[in-house]
Structure formats: C-alpha cells, structure tokens
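The residues making up each chain are set out below.
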Amino acid sequence: MSNTVLNASIIAKEATMILENELVMAKQVYRGHEKEFSNSVNGYTVGSTVTIKRPTDFTVRDGATASSQDVVEGSTSITVDKQKGVDFKFTSTELTLSIKELSERVIRPAMIQLANQVDRDLMALYKYVPKWVGTAGQTVNSFSDFALAPQRLDTYAVPQDARSAVLSPADHWGLLGSQTALYMQDVAKGAYRNGSLGMIGGVDTYMSQNVPTHTVGADVTTVTVNQSIVTSTITYAAVKDAMQQTITIAGGDLNPGDVFTIADVNAVNPVTKANLGIAKQFTVISYSANTLVFYPAMIWTGAQQNVAVTSGVTDLNTKAITAVGTAGTGYTQNMVFHKNAFALAMVPMVSPPGAVDVARETMNGVSVRIIPYYDGTNDISNWRADVLYGVRAIDPRLAVRLSGTA
C-alpha cells in the first residue's frame, strides 16, 4: 500500500481510537451526562457545566391514612474543566509515512499518556469515598480479602449490576496468585497465562498503575468532637446538594481523604433505616484550625436518615474520632464501585478562530482535537492533541476503598 501525506483528520481518527482503547477506569464509570451538554456546533471551552439531580428518598406509610411527604431533591454538577494535551513535531518526511508506522512511533505513546491522565483524575476521586474495608496497608491476596468490598456494597444495598474493581499492580498480582489455586480450570488458566482476573464475585476486575496512594494526616489519634451535635443539628434540606457537614473538633491534624468514624455512631440500611451495627464511616473534605468538613452529613431522622446512635446517646460532644490507618502513612487506594458512583464527561473542544486545519474526532464518547501549525523556517509541523473533560463523584455511597487483611 503506497504512503499518503497524512493530514489532521487521519491523525485525529487514529489518536481517538488509541485513546479510547487505552482507558481503564474511564470505561467503568457513568458517561451518560455527556448527552446533557447541548449540541454545540463549535464545541466547548473550559467551564461548561451541567446540573445533575440527586435521587430522593421516602419513608413507607403504615396503615390506610395518607401522609404526604415533601419531595426534596438535591443536585450536583459536572464541569468540563480539565484540558489536557500532548504536543509533538513531525518533519515533512515523517508525514509521508504510513499511519500504522506513525501511530506506533508517535501517536500511541502520546495517547497512552493522555489515557493515564484521565484515569488518574478519576482515581483521585477516592477522596470522596467514605467507606473503607480491610486493614490499611495490607495487600489483597485472597478471595476473602477481595470479597470484603462487594459484601460491604451489598450491606449498603448498592445495586449488584455494573460493578467494577480497579486494583494496584501489587494487589492485582496478589489476588491473581490466589486464584490459580482454585479448582476452576478456565479461570485459573486465564489468570496464570494472561494475568487477567475478569469477573470475580460479580465484579469486573482490572489492574491499573494509576491507583493512587493516600497519606493519612499527621495526627489522627487525639481527635474528639468539640461541639454539641444532636438530632436537630442539621437537616437534609440544608445539605441536600453537597451532603457535607462542618463541625468543630479538638486535637488532630487531618488530611482531605482521611476516613474516620465517630464513637457511638453507626450506619443504617439506606432502605429500611435499620441500624447495621457497624460504625458509620466518613471522609474528610477539608480541615483547618479545628474546623472539619466531611462527607456525608449526618442525618439522624426521616427519609434521608443515614446514621443511628447507640441507645441512650443524645449528644456527640466529646465523642472520639478515629481515623483509618496510621498518621503520616501512605496507603494504596484500591476501589470497588458501581458505575454510577463516578462520572466522566468528555466533550468536543472548540475549533479556535484562526486555526486553519482543525480535526475533531469522537468515538464511544472519547473526543480528541488535533491542530497542526507549521514552522516554515525549519520545515517542521508542530501538532497539538487536546482533550476536554470533567470528572465527578456523583454518588460516593456506591463505592468502597479496599485493603487486604493481616
């Protein structure tokens, strides 16, 4: 097949195909919000936003007498605020190569970097996930370790479809080794020969080098609540959008993303509101000068109730706050989640005024813009590849962080 002079459109199509193929985490999260961005002839710029409604809850009436409930809907938004790109150069001679050859030499390495960046931004959303199972610092190296995550999702009534896990290389290979010992010929063969774990306990399982490490705050052992917190302290209507709560604490030095519990505060079944008998976990959104902002806010009563306190406890003042892990220590943040926990919206970028040869290609929701600009003095074609996207933890209740056990 004879070579042709490659143009922006050809390179954009190849780049989009490679980028879509290289994504890992991005393929497991919700993508439907891209449809909510209106059709823009000239594409989008940084800052475009869509608003997303949060699901509402109701309580069940007992008996024949109607008891109307207010419909209180929260909302959040997803903003395409991340413009990422890779820039490279071609000589005129290189532009006469076959697209296959140029793809292997230049385009694929560039798109791998972009795919890793998108996945890293999605994995960074772990900070908004309040649930953490296992023992921080332990490698996932058995099915019983792995099963802690889907078990916790089941306990919280998370739908069993569309569940995924993204594990670090160490945890992936630790779990893989345990699977080869099971008497499941086809599964063990795939794990041993291909390093592929596939579907485990209804969870589609992947490995990624982009799994982040979280460092626990400098002091997580001397923390207590330092204000009166009672049933009426906060209402769902007051926090329905962000679902965050601000309290005053004594002692401690916490980092955003730290997971903690409060003494005598338990989790409830999100449907029945029954006390689950396990400590309710929260995640730090921000901390400064003994002011702690955390997710989710504590709702004690009503249709949106998410906590239950120990019998006889009426005020959380002076209650101990206990964080997961050891102060100042870093821990791998494997995640197991339903796809609706997180969202990615990637949209076509604007074709800028003055740009002569702009190519934009979209495949399966992945959009890449390619713009060349020529250096006539040195006979060099400069090329820029850009993507525009936004990520958001839409419903962190549907996710859990996972560590192994000792």
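Above this text you will find the structure in question.
Residues numbered from 1 in each chain as written. Predicted model: local features only at pLDDT ≥ 70, side-chain atom pairs only at ≥ 80, totals over all residues. Heavy atoms only, no water.

(A) Representation of the overall build of the chain in the model. When its secondary structure is counted, the chain shows six helices and 22 strands. Buried residues in the chain amount to 47% of all 406 residues. Pairs at least 24 apart in sequence give 78% of the contacts found in the chain among residues at least 6 apart. (Helix = DSSP H or I, 4+ residues; strand = E, 2+ residues; numbered from the N terminus. Buried < 20%, exposed > 50% of the residue type's maximum accessible area, 1.4 Å probe, protein only. Contact = heavy atoms within 4.5 Å.)

(B) Quick look at the pattern of salt bridges. Under the definition given, this model contains seven salt bridges. The partner of Asp-264 in a salt bridge is Lys-319, and the shortest N-O contact between them spans 2.6 Å. Of this pair, Asp-264 sits in strand β11 (residues 259-268) while Lys-319 sits in the loop between β14 (307-309) and β15 (320-323), and the two are 55 residues apart along the sequence. The partly exposed category is assigned to Asp-264, whose relative accessible area is 27%. The exposure class assigned to Lys-319 is buried, which follows from its relative accessible area of 19%. (Salt bridge = Lys/Arg side-chain N within 4 Å of Asp/Glu carboxyl O.)

(C) Summary view of the packing of aromatic side chains. Inspection of the entire model under this criterion finds five aromatic pairs. Ring geometry for Phe-260 against Phe-294: centres 5.7 Å apart, planes inclined by 85 degrees, an arrangement best described as edge-to-face. Taken together, the residues span a long stretch of sequence, with Phe-260 in strand β11 and Phe-294 in strand β13 (residues 291-295) at a distance of 34 residues. By relative accessible area, which is 1% here, Phe-260 ends up buried. Exposure remark for Phe-294: the relative accessible area of 0% places this residue in the buried category. Its guanidinium or amino end placed over the ring of Tyr-156, Lys-131 lies 4.6 Å from that ring's centre, counting from NZ or CZ. (Phe/Tyr/Trp six-rings, centres within 6.5 Å; stacked < 30°, edge-to-face > 60°. Lys NZ or Arg CZ within 6 Å of the ring centre and 35° of its normal.)

(D) Representation of the sheet that holds strand β22 (residues 399-402) within the structure. With mixed pairing, six strands are arranged side by side in an open sheet as β4-β22-β17-β5-β7-β6. The open sheet terminates on both sides in strands that have one partner only, identified here as β4 (132-133) and β6 (198-200). Packed onto the sheet, helix α3 (residues 143-155) meets β4, β5 (163-167), β6, β7 (203-207), β17 (334-338) and β22 and runs at close to 155 degrees relative to β22. (Pairing = 2+ DSSP bridges. Axes fitted to C-alpha atoms, helices over the stretch in contact; angles between N-to-C directions.)

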